[in-house]
Amino acid sequence: MTKKLYIKTYGCQMNVYDTERMVDLMSYEGYAVTDQPDDADLVVLNTCHIREKAAEKVYSDIGRLRVLKTKKIKKGGKDSILAVGGCVAQAEGSEIQRRAPVVDMVFGPQTYHRLPEMTKEAHKAKSEGIRPQIVDTDLSVSEKFDSLSKQAVSQKKTAFLTVQEGCDKFCTYCVVPYTRGGEFSRSFEDVMKDAKKLDDAGVLEVTLLGQNVNAYHGMSAQGVEWTLANLIRHLAKETNFKRIRYTTSHPQDMTDDLIAVHGEIEQCMPYLHLPVQAGSDKIVKAMNRHHTIASYRKIIDDVRKMRSDIALSGDFIVGFPGETDADFQETMNLVREINYAQAYSFMYSARPGTPAADRDDQIEEHVKAERLAELQDELIRQQRAFNDTSVGKIMAVLLERTGKEAGQLVGRSPYMQAVHVNVGNRDMVEQNFDKLVDMKIISAGPRSLKGELISK
Ligand code: 5AD
Ligand code: SF4
């Protein structure tokens, strides 16, 4: 009988990637995924520590799982293993088990390749009536990639490929340098080995991933340093990928050469996620962002010169310590000036151990909430306006999943918009699933588009 794995992912795309790898790893151990925690032999929470809310949610989820588990065992059901992975696990280590003794295993983002062994160990301990209490939060990265590279790849047409991990920038609000560790670029050969596997499996769209992906500087065996720009050029030439994306970037590492790639490489999609966080020089300096608002503006101008249709995305934090109304209005002005296709925005959340958390000029919650609402109103308006400009256009859409309605498929436009299409019957679904098809956009909503197939 197959065993069941329930895995919940919180946070960023790095975690989504890590979850996929864990699912692959455990499939070799005979585990199939279930969406019912009740049903599972192994429950994994792949957690995020970036904001307080995300971290606290983990503890409430653990509480709920504990209740479920107790009920199940009372009814004669079998015991399961509860594992907490990801960045909360890295940051808190065995503290999690002190606070929530029901947790059997704790492992960080750099040790999940050992999940099969840890699970076996936990099972063994349980069968001997011992509480497992396994903690593995080592931060060295290369062993993980070596181990993961041996795995086969899944059969999807879109794939993530991690080229870089961690961060040395130490923005004063951010836990990433502590939870994911320092900046690490995989070697050119290792990246290409994984790329080749994805290419051979027929992947059409690859997203190069890294917390600071445009800081990529992987070495080759010949001692040549590869930039992200050159890596994208090489992938465009040497693989059959039709679409190449990369995320997340930092303005400081947005070189002219990488900007040029947007004008030069057809496969490089017209979408750029480039967080600026705030619109005032005073605040970005206090955030230790290593760039100014003027330098960010210049990058956006240059990118738009290369690709006038590029969809811009970003991250914003409101209510950073010391942010005045006037500082916040500079953020609003910048947002109005740039005009985003979509963006993420957050209230500043003081994270223990980061420099900004110790400042004594923290902003009151209600002020943060008001600023966030004002900013989000504008960002939602911009996203809707961007979507409206798509109506009537013909776009290539990679239909990567089935929709909620029968006969419906959902894919992504080159600009990362979700596009829904009703293709009709089951045959048509099968015929178009996992295909890159030209579609006419017939209507736009705040978060997605509707399209129709163009008959050839
Ligand atoms: N509070 C609020 N938002 C944060 N981010 C990172 N750290 C914090 C924090 N302490 C946001 C940034 C980053 C995104 C992934 O999360 O905008 O780009
Ligand atoms: Fe965090 Fe700043 Fe590094 Fe991004 S660049 S991961 S916000 S420290």
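Residues numbered from 1 in each chain as written. Chains lettered and ligands numbered in written order. Predicted model: local features only at pLDDT ≥ 70, side-chain atom pairs only at ≥ 80, totals over all residues. Heavy atoms only, no water.

Check the secondary structure of the protein chain and you find 15 helices and 20 strands. Overall, the protein chain is about 65 × 60 × 50 Å in size when its C-alpha atoms are taken along their principal axes. The buried share among the 456 residues of the protein chain stands at 54%. Contacts in the protein chain between residues far apart in sequence, at least 24 positions, make up 72% of those at least 6 positions apart. Element-wise, carbon and sulfur atoms account for 52% of the exposed surface of the protein chain, whose accessible area totals about 20,400 Å². Averaged over its 62 positive side-chain charges, the protein chain has a centre that lies 5 Å from the centre of its 65 negative ones. (Helix = DSSP H or I, 4+ residues; strand = E, 2+ residues; numbered from the N terminus. Buried < 20%, exposed > 50% of the residue type's maximum accessible area, 1.4 Å probe, protein only. Contact = heavy atoms within 4.5 Å. Areas by Shrake-Rupley, 256 points an atom, 1.4 Å probe, with all protein chains shown as cover. Lys, Arg positive; Asp, Glu negative; His and termini not counted. Charge placed at Lys NZ, Arg CZ, Asp CG, Glu CD.)

Tallying each qualifying case throughout the model produces 39 salt bridges. Across the salt bridge formed by aspartate 79 and lysine 69, the nearest N and O atoms sit 3.4 Å from each other. A residue pair is termed long-range when its members are at least 10 positions apart, and aspartate 79 in the loop between α2 (52-74) and β4 (81-85) and lysine 69 in helix α2 qualify at 10 residues. By relative accessible area, aspartate 79 is classed as partly exposed at 36%. (Salt bridge = Lys/Arg side-chain N within 4 Å of Asp/Glu carboxyl O.)

Every residue near ligand 1 is listed here: Ile50, Arg51, Tyr173, Gln277, Asp315, Ile317, Phe346, Met347, Tyr348, Ser349 and Arg351. Arginine 51 has a polar side-chain atom sitting 2.8 Å from an oxygen atom of ligand 1. Taken by itself ligand 1 offers 410 Å² of open surface, and the protein chains cover 87% of this. Looking at the shell around ligand 1, the elements that each hand over two or more residues are β14 (315-318) and β15 (344-347). Along the lines of polarity and charge, the residues of the shell around ligand 1 split into 6 nonpolar, 2 polar and 3 charged. (Near = heavy atom within 4 Å. Polar contact = N/O pair within 3.5 Å; in protein donor to acceptor, adjacent residues only side chain to side chain. Nonpolar A, V, L, I, M, F, W, Y, C, P; charged D, E, K, R; others polar.)

As a further point, take the sheet that holds strand β11 (residues 243-247). Strand order in the open sheet formed by 3 strands is β7-β10-β11, with parallel pairing between adjacent strands. Bordering the open sheet on either side are β7 (158-162) and β11, each of which pairs with just one other strand. Strand-to-strand twist across the sheet, computed as the mean angle between neighbouring axes with direction ignored, equals 25°. Against the sheet, helix α8 (residues 188-200) engages β7 and β10 (205-209), with an angle of about 170° to β7. (Pairing = 2+ DSSP bridges. Axes fitted to C-alpha atoms, helices over the stretch in contact; angles between N-to-C directions.)

Looking at the assigned domains, one finds that the protein chain contains domain 1 (3-138) and domain 2 (394-453). Here domain 1 and domain 2 have C-alpha centroids that lie 35 Å from each other. (Domains from an automatic or database assignment.)

Here we come to the site of ligand 2. Ligand 2 sits among Cys167, Lys169, Phe170, Cys171, Tyr173, Cys174, Val176, Pro177, Asn212, His250 and Arg289. Here the shell around ligand 2 is built from residues that sort into 7 nonpolar, 2 polar and 2 charged.

Let us now look at empty space enclosed by the protein. Think of a ball as big as a water molecule: rolled over the atoms, this probe shows where empty space is left. Under the criterion given, the structure shown has 2 cavities of 30 Å³ or more. Here the second largest cavity defines a volume of roughly 100 Å³. If you go around the second largest cavity, the residues you meet are Pro37, Asp38, Val43, Leu65, Leu68, Lys69, Lys72, Ser80, Ile81 and Leu82. Those elements that place two or more of their residues in the lining of the second largest cavity are α2 and β4. The greatest single-element share of the lining of the second largest cavity, amounting to 4 residues, is contributed by α2. Classifying every residue of the lining of the second largest cavity gives 6 nonpolar, 1 polar and 3 charged. (1 Å grid on protein atoms, 1.4 Å probe; cavity = no way out; pocket = protein on both sides within 12 Å on 5 of 7 lines; lining within 4 Å. Points joined across faces, edges and corners; volume = space filled by probe spheres on them.)

It is worth spelling out the sheet that holds strand β3 (residues 42-47) at this point. Sheet architecture is open: 6 strands sit in the order β2-β1-β3-β4-β5-β6, paired in parallel fashion. On the outer flanks of this sheet lie β2 (31-33) and β6 (134-136), each paired with one strand and no other. Taking the axes of each pair of neighbouring strands and ignoring which way they run, one obtains an average angle of 20° across the sheet. With 3 bridges joining them, strand β5 (residues 105-107) and β6 adopt parallel strand pairing. Looking across to β6, one finds that phenylalanine 107 is bridged to aspartate 136. Relative to strand β1 (residues 3-9), helix α1 (residues 13-27) is tilted by about 175°, and along the sheet it contacts β1, β2, β3 and β5. Packed on one face of the sheet, helix α5 (residues 115-127) meets β2, β3, β4, β5 and β6 and runs near 160° to β5.

As for its position among the elements, aspartate 61 is in helix α2. Judged by its relative accessible area of 6%, aspartate 61 is buried. In terms of polar contacts, aspartate 61 uses its side chain to reach the side chain of arginine 64, at 2.4 Å. Look past the residues within four positions of aspartate 61 in its chain and what remains in contact with it is Lys8, Tyr10 and Leu45.

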